[in-house]
Amino acid sequence: MNLPLVVIRPEPGNTATCASARALGLEAIAAPLFEIEPVGWDVPDERFDAILAGSANVFRHGGAGLAAFAKVPVIAVGETTAAAARSAGFAVARVGEGGLQPVVATLPPGNYIRIAGEDRVTLTPPEGVRIVTVVTYASRKRAVSAALLTALNRSAVVLLHSGEASRHFAQECERLGISKESLHLACLAPRIAELAGNGWGTVAVAAGRTDKEVLELGARMCQTM
């Protein structure tokens, strides 16, 4: 019997991931532990060579201020972020793989704006690269519901898409006394696995940094754990 797959990422990604999981024949439990909200921000009055975007939420929740950068090309962390940029009317100059830092390490000297959320990875730019960071959205944490608690106590595979999700989920399990040994984590990246800590039944990292690849990993774990 396959284990259920728990998806805790916020909307609209949660619904999309669960639909893909059910198409694979999995029992998908939609349990968003975050809600993304826009935050007020000031538009820097200067010229930038490109926008560094590490999440599609940049374009979903950036608000009216984004209009000031309508003609600035976007360097996106991945294809999902790139698609959101294009839908918002931005031109995408480059699509990275494996996080923003590898992209930043190869940037030519210039002035860049990083539009980001409150929780973000620290970037180390090379010489000649200046990055101005503005925060336009935040993830608001939710507690584990009674229905999710029941599922977690029975054993499940949990998809983790971000470091923030990893930390919050681990804290909720500790707060509620949920046995980590019966839970198996499918993580989008090595950093996410590290932030989850120890004591889980299994911790595995997807081969690539897309929702499709972490879902495929989760599906295999549901069938074999």
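Look up a bit, the structure's there.
Residues numbered from 1 in each chain as written. Predicted model: local features only at pLDDT ≥ 70, side-chain atom pairs only at ≥ 80, totals over all residues. Heavy atoms only, no water.

A.B. asks: Where do I start with the overall build of the chain in this structure?
C.D. replies: Looking only at helices and strands, the chain has eight helices and eleven strands in total. Taken over C-alpha atoms, the radius of gyration comes to 18 Å for the chain, in line with the 17 Å a tight globule of 225 residues would show. Counting only C-alpha atoms, the chain reaches 55 × 30 × 30 Å along its principal axes. The buried share of the chain, taken over its 225 residues, is 51%. Long-range contacts, defined as pairs at least 24 residues apart, comprise 55% of the intrachain contacts of the chain with a sequence gap of at least 6. Here the chain has roughly 10,600 Å² of accessible surface; of this, 51% comes from carbon and sulfur atoms. Each charge class in the chain was averaged separately, 21 positive and 21 negative side chains, and the resulting centres sit 2 Å apart. (Helix = DSSP H or I, 4+ residues; strand = E, 2+ residues; numbered from the N terminus. Rg over C-alpha atoms; globule rule 2.2 N^0.38 Å. Buried < 20%, exposed > 50% of the residue type's maximum accessible area, 1.4 Å probe, protein only. Contact = heavy atoms within 4.5 Å. Areas by Shrake-Rupley, 256 points an atom, 1.4 Å probe, with all protein chains shown as cover. Lys, Arg positive; Asp, Glu negative; His and termini not counted. Charge placed at Lys NZ, Arg CZ, Asp CG, Glu CD.)

A.B. asks: How should I be thinking about the sheet that holds strand S4 (residues 50–53) in this particular structure?
C.D. replies: Here we have six strands laid out as an open sheet, ordered S3-S8-S7-S4-S5-S6, and mixed in their pairing. Of all strands in the sheet, those with a lone pairing partner are strand S3 (34–38) and strand S6 (92–95), marking the two edges. In this sheet, neighbouring strand axes are inclined to one another by 25° on average, regardless of whether the strands run parallel or antiparallel. In this sheet, strand S5 (residues 74–76) lies alongside S4 in parallel orientation, the contact comprising three bridges. Paired with isoleucine 51 across the bridge in S5 is valine 74. Sheet strands touched by helix H3 (residues 79–87): S4, S5 and S6. Its angle to S6, the strand with the most contacts, is close to 170°. Along the sheet, helix H6 (residues 163–176) makes contact with S3 and strand S8 (129–141), crossing S8 at roughly 35°. (Pairing = 2+ DSSP bridges. Axes fitted to C-alpha atoms, helices over the stretch in contact; angles between N-to-C directions.)

A.B. asks: Would you explain the sheet that holds strand S9 (residues 156–160) in this entry?
C.D. replies: As a general point, the strands of a sheet are linked pairwise by backbone hydrogen bonds and lie either parallel or antiparallel. If you walk across this open sheet you meet the five strands as S2-S1-S9-S10-S11, and the pairing is parallel. Of all the strands in the sheet, just strand S2 (28–30) and strand S11 (202–205) have a single pairing partner and so form its edges. Sheet twist, expressed as the mean angle between neighbouring strand axes with direction ignored, is 25°. Looking at chain direction, strand S1 (residues 5–7) and S9 are connected through three bridges and run parallel. Paired with valine 7 across the bridge in S9 is leucine 159. Most of the contacts of helix H1 (residues 13–23) go to S2, to which it runs at about 165°, and overall it touches S1, S2 and S9. Against the sheet, helix H8 (residues 211–224) touches S1, S9, strand S10 (183–187) and S11, its axis set at about 155° to S10.

A.B. asks: I'm lost on the nonpolar core in this one. Help?
C.D. replies: In summary, soluble globular proteins display a tendency toward joint burial of nonpolar side chains. Core analysis: the largest hydrophobic core is formed by 45 residues, its most contacted members being Leu5, Leu152 and Phe169. No other element matches the six residues that H8 contributes to this core. When neighbours within four sequence positions are excluded, leucine 5 is seen to be in contact with Ala21, Leu26, Glu27, Ala28, Ile29, Val157, Leu159, Leu215, Gly218 and Cys222. Judged by nonpolar contacts, the second largest core, of 22 residues, contains Ile51, Val74, Ala85 and Ile115. (Core = buried A, V, L, I, M, F, W, Y, C linked by side-chain atoms within 4.5 Å.)

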